[in-house]
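# Architecture and fold: a report
Below are the chains, spelled out letter by letter.
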Amino acid sequence: MFELDGPAPTARAEAPRATAPLAARMRPRTLDEVVGQAHLLAPGAPLRRLVEGGAAASVLLYGPPGTGKTTIARLLSQVGSRHFVALSALSSGVKELREVIADARRRRDHHEQQTVLFIDEVHRFSRTQQDALLGAVEDRLVLLVAATTENPSFSVVSPLLSRSLVLQLQSLTEDDVRALLRRAVADPRGLAGAVALAPDAEDALVRLAAGDARRALTALEAAADGLAGAGGSVIDVPAVERAVTEATVRYDRQGDQHYDVISAFIKSIRGSDPDAALHYLARMIVAGEDPRFIARRLVVHASEDIGLADPTALLAAVAAAQTVQLIGMPEARLALAQATVHLATAPKSNAVIVGIDEAMADVRGGAVGAVPPHLRDGHYAGAEKLGNAVGYRYPHDSGDGVLAQQYPPDALVGRDYYRPTPHGGERTLGERLARLRRAVRGR
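Residues numbered from 1 in each chain as written. Predicted model: local features only at pLDDT ≥ 70, side-chain atom pairs only at ≥ 80, totals over all residues. Heavy atoms only, no water.

### Quick look at the pattern of salt bridges
As a reminder, the rule being used: What counts as a salt bridge is simple: a side-chain nitrogen of Lys or Arg found within 4 Å of a carboxyl oxygen of Asp or Glu. In this description a helix means any DSSP run of H or I spanning at least four residues, a strand means any run of E spanning at least two, and both kinds are numbered starting from the N terminus. Type-normalised accessible area, obtained with a 1.4 Å probe on protein chains alone, sets the label of each residue: buried when under 20%, exposed when over 50%, and partly exposed for intermediate values.
Evaluation of the coordinates by the stated rule reveals 23 salt bridges. Between Glu-221 and Arg-25 there is a salt bridge, and its shortest N-O distance comes to 3.7 Å. Of this pair, Glu-221 sits in helix α12 (residues 213–230) while Arg-25 sits in helix α1 (residues 22–25), placing them 196 residues apart in sequence. Here the two residues Glu-221 and Arg-25 agree in accessibility, since each one is buried. With its nearest N and O atoms 3.1 Å apart, the salt bridge here joins Asp-109 to Arg-108. One network of salt bridges, with partners in common, ties together Arg-29, Glu-33, Asp-187 and Arg-189.

### Concerning the sheet that holds strand β5 (residues 165–168)
Filter applied, for reference: What makes two strands pair is DSSP finding at least two bridges between them. Lines fitted to C-alpha atoms define the axes here, with helix axes fitted over just the stretch in contact, and angles between the N-to-C directions of these axes take values from 0 to 180 degrees.
The parallel open sheet is built from 5 strands, whose spatial order is β2-β3-β4-β1-β5. Sheet topology places β2 (83–88) and β5 at the edges, where each strand pairs with a single neighbour. Within the sheet, the average angular offset between the axes of one strand and its neighbour, ignoring direction, is 20 degrees. Strand direction decides the pairing type here: strand β1 (residues 59–62) and strand β4 (residues 142–148), joined by 4 bridges, are parallel.

### Regarding the nonpolar core
Quick note on the threshold: In this description, a nonpolar core means a group of buried Ala, Val, Leu, Ile, Met, Phe, Trp, Tyr and Cys residues linked to one another through side-chain atoms lying within 4.5 Å. The contact definition used throughout considers only heavy atoms, calling two residues in contact when any of these lie within 4.5 Å.
Ranked by size, the top nonpolar core spans 32 residues in total, and within it Leu-181, Leu-197, Leu-220 and Ile-235 carry the most contacts. When contributions to this core are tallied by element, the ones reaching two or more residues are α1, α10 (174–186), α11 (199–209), α12 and α13 (237–244). No other element matches α12, which puts 8 residues into this core. Discounting residues that sit within four places of it in the chain, Ile-235 has contacts with Val-195, Ala-196, Leu-197, Ala-198, Ala-201, Leu-220, Ala-223, Ala-224, Leu-227 and Val-240. Counting residues in hydrophobic clusters, the runner-up holds 25 residues, among them Ala-295, Ala-313, Val-324 and Ala-344.

### Quick notes on helix α4 (residues 69–77)
Counting buried residues along α4, 8 of its 9 residues qualify, which places the element largely inside the surrounding structure. All buried positions along α4 are accounted for by Lys-69, Thr-70, Thr-71, Ile-72, Ala-73, Leu-75, Leu-76 and Ser-77.

### A short note on the pairing of β1
Of the two faces of β1, the one carrying Val-59 and Leu-61 and the one carrying Leu-60 and Tyr-62 are both buried. Of the strand pairs in this sheet, β1 and β5 are connected by 4 bridges, and their pairing is parallel. Of the residues in β5, the one forming a bridge with Val-59 is Leu-165.

### Things to note about unusual backbone geometry
A cis geometry characterises the amide bond from Met-329 onward to Pro-330, with omega recorded as 5 degrees. Here Pro-330 lies in the loop between α17 (312–326) and α18 (332–345). Its identity is not glycine, yet Glu-112 carries a phi of approximately 50 degrees, on the positive side. Its location among the elements puts Glu-112 in the loop between α5 (94–111) and β3 (115–120). In this model, Ala-389 sits at a positive phi of 70 degrees, which is unusual for a non-glycine residue. Mapped onto the elements of the fold, Ala-389 is located in the loop between α19 (351–364) and α20 (425–440).

### Looking at the packing of α17 against α18
Defined as follows: In what follows, roughly perpendicular refers to angles from 65 to 115 degrees, roughly parallel to angles under 35, roughly antiparallel to angles over 145, and oblique to any angle outside these ranges. In this scheme the handedness of a crossing depends on how the near helix is turned from the far one: anticlockwise by less than a right angle means left-handed, clockwise means right-handed. Three classes are used: nonpolar for Ala, Val, Leu, Ile, Met, Phe, Trp, Tyr, Cys and Pro, charged for Asp, Glu, Lys and Arg, and polar for all others, with Gly counted as polar.
Relative to each other, α17 and α18 sit at 165 degrees, their axes nearing to 8 Å. As the angle between them shows, α17 and α18 are arranged roughly antiparallel. α18 is crossed by α17, and the crossing has left-handed handedness. Each of Thr-312, Ala-313, Ala-316, Ala-317, Ala-320, Thr-323 and Val-324 in α17 lies in contact with α18, whose residues at this interface are Ala-332, Ala-335, Leu-336, Ala-339, His-342 and Leu-343. Taken together, the residues that form the contact of α17 with α18 break down as 10 nonpolar, 3 polar and no charged.

### Some details on the environment of Ile-72
Within the fold, Ile-72 resides in helix α4. Distance in space between the C-alpha atoms of Ile-72 and His-374 is 59 Å, their sequence separation being 302 residues. Ignoring sequence-local partners within four residues, the contact set of Ile-72 consists of Leu-47, Leu-61 and Leu-169.

### Considering the environment of Gly-232
Within the secondary structure, Gly-232 is located in the loop between α12 and β7 (234–235). With 36 residues separating them in the primary sequence, Gly-232 and Ala-196 have C-alpha atoms 9.7 Å apart.

### Section: the environment of Gly-36
By secondary structure assignment, the location of Gly-36 is in the loop between α1 and α2 (38–41). Ignoring any residue separated from it by four or fewer positions in sequence, one finds Gly-36 in contact with Leu-41 and Asp-176.

### Some points on the layout of surface pockets
Inclusion rule: Space inside and on the surface of the protein is sampled on a 1 Å grid over the protein atoms alone, with a cavity defined as a set of points where a 1.4 Å probe fits but cannot get out and a pocket as an open set with protein on both sides within 12 Å along at least 5 of 7 lines; lining residues have an atom within 4 Å of a point. Grid points are joined across faces, edges and corners, and a volume is the space filled by probe spheres set on the points.
Empty space within the largest pocket amounts to approximately 1,000 Å³. Lining the largest pocket are 46 residues; nearest its centre among them are Pro-64, Pro-65, Arg-215, Gly-328 and Met-329. Elements with a contribution of two residues or more to the lining of the largest pocket: α4, β4, α11, α12, α15 (274–287), α16 (291–306) and α17. When the residues that make up the lining of the largest pocket are grouped by side-chain class, the tally is 19 nonpolar, 13 polar and 14 charged.

### Considerations on the side chain of Ser-398
The cut-off we apply is this: A 3.5 Å cut-off defines polar contacts: any pair of N or O atoms within that distance qualifies, except that in protein one atom must be a possible hydrogen donor and the other a possible acceptor, and neighbouring residues in sequence count only when both atoms are side-chain atoms.
Its place among the elements puts Ser-398 in the loop between α19 and α20. Of the polar contacts made by the side chain of Ser-398, one reaches the backbone oxygen of Pro-395; its length is 2.7 Å. There is a polar contact of 3.1 Å between the side chain of Ser-398 and the backbone nitrogen of Gly-401.

Here it is in structure tokens:
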């Protein structure tokens, strides 16, 4: 497998067969063909410097599926006469790693050829497997390009992390996916103009892709293949629906379903109907909605409509959002569903949003006033002469930790922003707050 008569052809010399999947045929051959990731590919950006300048830095590519991690690895291999080797953490172990490293040493010593080692899903490597890479990476025997959909701060061992440049890729924007689809329809490597893509079908594919280039091209190819069998020449929405076998595109065919469904989802949670909420959650998941968008809405809702009536609601929503980031779909659907049911069945209160909005309205209206002198910072020379921090009473000096003292500016003394409801945990909190206000305000 590793006997060498000379430098092996690099990945640059390889071209996908005509029978290869559309996503493989449309894989960018140059940096300028890469769609998206402008923050990494702009002039002077780290990734462009690596690809164009030939810098020998190992890289951890962190981002969602279909954002170009494999493509970038292959582009890095094309600098100079590098040899490209790809391993998957799902099917490779320490034995395979050691064979690649031994081969890389022979190529370096006999042919002065560097090896680019691409490891997909590196987060699935054990600590022992990752440790086996350290020496080769540190000596630059191999240029490691590792891809992961999980945060490398949690999934990659610290020594390997410190020896690599971490680059975070973002999901493709809708405009990025549109550009990709249009190129695939017209490009000789793709569909070569054999079919046309109707605007509403393009919208459907963009929604279905959810920022994933591979998913977009796979769905486009399936729709085109189905159309060829029927003798058609224009990919429309029904053709896309038949190809993907799910009515996912109906989620946003006219551009308003996206907002209608998320609105119904939130209003079902607010209305304490977990069954309806799960229905709308399922519609979004099946439609390919970005799970991060769903998670963000849950986090907002936890404070907006539940607040301190159930203080654990925000914790549940944040935990679901973190699960989406760490694990991804489809497993993260369980955390999203759990948070949805938690929030839907929780007691409701909008006291938090009412309180902060009223406070902000007062500030915008000019009700600010000076900070009372005894509350000002006194940790500098001359503060006492200015009267700052003079007369401040330390609450912990009192028996119950609460004492009478003015905290708001003069113009806002007695103004109540937070008004707890009698629902859930706020019932007890309201009783305590009334006692606290009487004690603090000296009444």
